[in-house]
Amino acid sequence: MAKYHLYIVLSFLFIMTLILSNVRSDSLINLTGDLGQNLSILYNTYNNFIPYNDFLPSLLQHTKIDFIHVRTVEFLCNFEFQNTELKDKNLNHLTFHSYFIVYLIAPFVKIFGDYRFTLEFFNLLSFFGILYLFYAYLSNNNMKIFLCFLACLVITTNPAWSVSILGTFYYDRLYLLFGFLLILATTAKKFNPIFFLAALVLSGSVVEKVLIYNSIFLFLYLFFYFFEIEKIKKYYIISAIFIQILLFASIAFFWMSEAGSYTDYESNIIPQNIINHINNPLMLGKSIYFISFAIPLLLPSLIFAPRIFLISFIMLLPNVFGNLGGAEKVNFATHYHTLYFPFIVFAFALGVIQFNKFLISKKISQKLISIIFWSKIKISLIRRGNYV
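Residues numbered from 1 in each chain as written. Predicted model: local features only at pLDDT ≥ 70, side-chain atom pairs only at ≥ 80, totals over all residues. Heavy atoms only, no water.

### Looking at the environment of Ala-199
Move 1: By secondary structure assignment, the location of Ala-199 is in helix H11 (residues 193–204).
Move 2: Along the backbone, Ala-199 and Leu-184 are 15 residues apart, and their C-alpha atoms lie at a distance of 9.0 Å.
Move 3: What Ala-199 contacts, discounting residues up to four positions off in sequence, is Phe-178, Leu-181, Leu-182 and Ala-185. (Helix = DSSP H or I, 4+ residues; strand = E, 2+ residues; numbered from the N terminus. Contact = heavy atoms within 4.5 Å.)

Written as structure tokens, this is what we have:
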């Protein structure tokens, strides 16, 4: 029997995307400097084919030369901004972050006729897109419609979705959709090389750091499932890992400007700094707070799909031990919660599917899943109220 409800859900989410894109594009909310530079990138890509960013020299100056974001209040009160000299006048934003995905977005300006609407459309398409793929994945694995719907509600009550969707547009957010597509293409029982390569290219073009995320995920999947996947799939995965690492090295060390340098973040992976992070009560508390939001989605896979749990938990670690000021742990409105989220969504999906199969095999009512989902939703709403 054809699953007509999939088309209904797809149509509903697409209409929601169009309506909310129109609302957001006319709103004064999120009119920040970051939105300004992202609009500038899109405007110049569409009109000049190069993502020039007029904000970039000042951004480099303040973040890499003057270090404004880490200065004390006393310092800033006496700092004379007008006396600084911009050392990097390069306006090409690809030398700061490689948002090659903008070349996919730019042609849609011609269709929509508005730059901000185009950005908001793709932003919301990513959030609602991962929701649809999650719903369809559950449905295709014999989950009842009502349970699929409740599972989607559980996802939307997680702040990495519900709070993040309210934040400013960043090109990084497109990884929600394209990263999830890569996960589906990689883990599919029937491997489709074209689907895999398309997902790999789309996700890898979002921003340079996802090349590392993709490579780590593919390596972990290959490691944990090596004896269960077909030979052709292994060749594609191994090739993808090497190509992405080479691309990242080329971009990070030969293409990017001083602002795009990753040397500032290398200290986060030094063992001693990880130990210092753990011994810092403030950062440790933020890490625990962050993990507390991820664990409920990971719990089903911990019990019923432990290998996927391990993969997804490892993908969380950059946010746990990394330090970009703490926003990567507690400020869910930022784009720092975009890159790990597709992995815990998939872990949740697979865990729930296996849990459902377990209940059926033991002839236990599936109402148990409904009760658990409703409890999780209520708890999330209470926590969301406290968070806001």
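### What about the packing of aromatic side chains?
Move 1: Summed over all chains, the structure comprises 33 aromatic pairs.
Move 2: Ring geometry for Phe-219 against Phe-223: centres 6.4 Å apart, planes inclined by 20 degrees, an arrangement best described as stacked. Within this pair, Phe-219 and its partner Phe-223 are both found in helix H12 (residues 210–224), separated by four residues, close to a single helical turn.
Move 3: Their ring planes at 25 degrees and their centres at 4.9 Å tell us that Tyr-221 and Tyr-225 sit as a pair that is stacked.
Move 4: With relative accessibility at 5%, the residue Tyr-221 sits in the buried group.
Move 5: Note on Tyr-225: relative accessible area 13%, which makes it buried.
Move 6: Pairwise contacts between aromatic rings join Phe-14, Phe-108, Phe-112, Phe-117, Phe-121 and Phe-122 into one cluster.
Move 7: Above the ring of Phe-226, the side-chain terminus of Lys-234 is found at 3.8 Å from the ring centroid. (Phe/Tyr/Trp six-rings, centres within 6.5 Å; stacked < 30°, edge-to-face > 60°. Buried < 20%, exposed > 50% of the residue type's maximum accessible area, 1.4 Å probe, protein only. Lys NZ or Arg CZ within 6 Å of the ring centre and 35° of its normal.)

### Notes on empty space enclosed by the protein
Move 1: Applying the stated criterion to the full structure yields one cavity of 30 Å³ or more.
Move 2: Space inside the largest cavity adds up to approximately 30 Å³.
Move 3: Around the largest cavity, the lining residues are Ile-183, Phe-217, Ile-308, Ile-311, Ser-312, Phe-343 and Phe-346.
Move 4: Contributing elements (two or more residues each) for the lining of the largest cavity: helix H16 (306–321) and helix H18 (341–361).
Move 5: Per-element accounting of the lining of the largest cavity gives the leading share, three residues, to H16.
Move 6: Among the residues forming the lining of the largest cavity, the class breakdown is six nonpolar, one polar and no charged. (1 Å grid on protein atoms, 1.4 Å probe; cavity = no way out; pocket = protein on both sides within 12 Å on 5 of 7 lines; lining within 4 Å. Points joined across faces, edges and corners; volume = space filled by probe spheres on them. Nonpolar A, V, L, I, M, F, W, Y, C, P; charged D, E, K, R; others polar.)

### Details of the packing of helix H7 (residues 115–140) against helix H8 (residues 145–156)
Move 1: Viewed as axis vectors pointing N to C, H7 and H8 meet at an angle of 145 degrees, and their least axial separation amounts to 9 Å. Like other packed secondary-structure pairs, H7 and H8 cross with a definite hand, here right-handed. In this structure, H7 contributes Leu-131, Phe-134, Tyr-135, Leu-138 and Ser-139 to the contact, and H8 contributes Ile-145, Cys-148, Phe-149, Ala-151, Cys-152, Ile-155 and Thr-156.
Move 2: Split into classes, the residues belonging to the contact of H7 with H8 amount to ten nonpolar, two polar and no charged. (Axes fitted to C-alpha atoms, helices over the stretch in contact; angles between N-to-C directions. Left-handed = near helix turned anticlockwise from the far one by under 90°.)

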